[in-house]
Amino acid sequence: MDKKNLRLLYTAKREKLSPEEIIEDSISIANKLLQLPIWTKNNFHLYLSISEKKEIDTSFILSILQGKDKNVILSKMSASNSLQHFLLTDNTLLKKNKWNVPEPVGGIEIATATIDVVFVPLLAFDTLGNRVGYGKGYYDKFLAECKPDCIKIGLSFFDVSENITDILPTDISLDYCVTPAKTYQF
C-alpha cells in the first residue's frame, strides 16, 4: 500500500482508540523498551506526544529515561523543514507550535552527531523497517544527519502493516519498532 493510503488507514485506526487504550498501550510500549539493548547509551532523542492526534504518550518513556539518568533531547521544528535539538533540563520551557507539537522554546543546543538513540513517531511501518510519518520529511532529514550507529526506534500502537510501495531513496528505515504486542527488529 502507498504512504497516502496508509496515512488515511492508520489515522482512522488511531481515532478509534479510547483514552484508556492509549494509556495502557503507551505503558506497555515503554515497558517493552526496557528489554532493548540500548541502556548503555547516554543521549536519547524523544518526541513529545501530540495528544490531539492520539499519539503514543511518551511521558512514560520520559520517566524511564530520567530515572536512568539519561540525557533527553527534544526537537524544535524550523521553517526549513529541519529540526533543532535541545537538552531537556529542569529549566526547559515548552510551547506547542502550530501543529500542536510541544517544543522547547530554547536552551542548550545539542549536535545531531551526539545523539545515540532516537524514538521515532510514525503512523505505520512495514516488515523492512520502513515507516510512514505525517509526510513533512522532518524525521527523514534528521535521521539522515545522525551518526551511522545511531539506533532508530519506531513506536506504534499497531502491528506491522503490508509493505510500503512508494519508498524513496531519502526514506530512512528503523532498527526497531515497538508495539504493545511485539518488538520488531530490522
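Each value, and the rule that gives it
Residues numbered from 1 in each chain as written. Predicted model: local features only at pLDDT ≥ 70, side-chain atom pairs only at ≥ 80, totals over all residues. Heavy atoms only, no water. Helix = DSSP H or I, 4+ residues; strand = E, 2+ residues; numbered from the N terminus. Salt bridge = Lys/Arg side-chain N within 4 Å of Asp/Glu carboxyl O. Buried < 20%, exposed > 50% of the residue type's maximum accessible area, 1.4 Å probe, protein only. Axes fitted to C-alpha atoms, helices over the stretch in contact; angles between N-to-C directions. Parallel < 35°, antiparallel > 145°, perpendicular 65-115°, else oblique. Left-handed = near helix turned anticlockwise from the far one by under 90°. Contact = heavy atoms within 4.5 Å. Nonpolar A, V, L, I, M, F, W, Y, C, P; charged D, E, K, R; others polar. Core = buried A, V, L, I, M, F, W, Y, C linked by side-chain atoms within 4.5 Å. Lys, Arg positive; Asp, Glu negative; His and termini not counted. Polar contact = N/O pair within 3.5 Å; in protein donor to acceptor, adjacent residues only side chain to side chain.

Asks: Run through the environment of Glu-55, naming residues and quoting values.
Replies: In this fold, Glu-55 is placed in the loop between β1 (43-45) and α3 (59-67). Separated by 13 residues in sequence, Glu-55 and Lys-68 place their C-alpha atoms 24 Å apart.

Asks: Account for the pattern of salt bridges, naming residues and giving values.
Replies: In the structure shown here, the tally under the stated rule is 5 salt bridges. In this structure, the salt-bridge partner of Lys-96 is Glu-52, at a minimum N-O distance of 3.1 Å. Here Glu-52 lies in the loop between β1 and α3 and Lys-96 lies in strand β4 (residues 94-96), a separation of 44 residues in the sequence. When its relative accessible area of 42% is taken as the criterion, Lys-96 is described as partly exposed. Taking the relative accessible area as the measure of exposure, Glu-52 reaches 43% and is therefore partly exposed. Between Asp-175 and Lys-152 there is a salt bridge; the shortest N-O distance is 3.2 Å. Separated by 23 residues along the polypeptide, Asp-175 in the loop between β9 (151-155) and β10 (176-178) and Lys-152 in strand β9 bring together distant segments of the chain. Since its relative accessible area comes to 24%, Asp-175 is described here as partly exposed.

Asks: Describe the packing of helix α2 (residues 19-33) against α3, with residues and values.
Replies: At a minimum axis separation of 8 Å, α2 and α3 run at an interaxial angle of 30 degrees. Between α2 and α3, the interaxial angle falls into the category roughly parallel. In the crossing of α2 with α3, the sense of the turn from one axis to the other is right-handed. Where α2 approaches α3, its residues Ile-23, Ser-26, Ile-27, Ala-30 and Leu-33 are matched on the opposing element by Phe-60, Ile-61 and Ile-64. When grouped by side-chain class, the residues that make up the contact of α2 with α3 number 7 nonpolar, 1 polar and no charged.

Asks: Lay out the nonpolar core in plain terms, naming residues and giving numbers.
Replies: Grouped together as the largest cluster of nonpolar side chains are 52 residues, with contacts concentrated most on Leu-33, Ile-38, Val-118, Phe-119, Ile-153 and Leu-155. Discounting residues that sit within four places of it in the chain, Leu-155 has contacts with Ile-29, Leu-33, Tyr-47, Ile-56, Thr-58, Ile-61, Phe-119, Val-120, Leu-122, Cys-177 and Val-178.

Asks: Hey, could you go over the side chain of Lys-70 for me, with residue numbers and the actual values?
Replies: Structurally, Lys-70 can be placed in the loop between α3 and β2 (71-77). This buried residue, Lys-70, is left without a salt bridge; Asp-116 holds the nearest opposite charge, at 8.0 Å. From its side chain, Lys-70 meets the backbone oxygen of Trp-39 in a polar contact 2.7 Å long. Those residues within four positions of Lys-70 in sequence are excluded, and the remaining contacts are Trp-39, Thr-40, Lys-41, Asn-42, Phe-44 and Leu-65.

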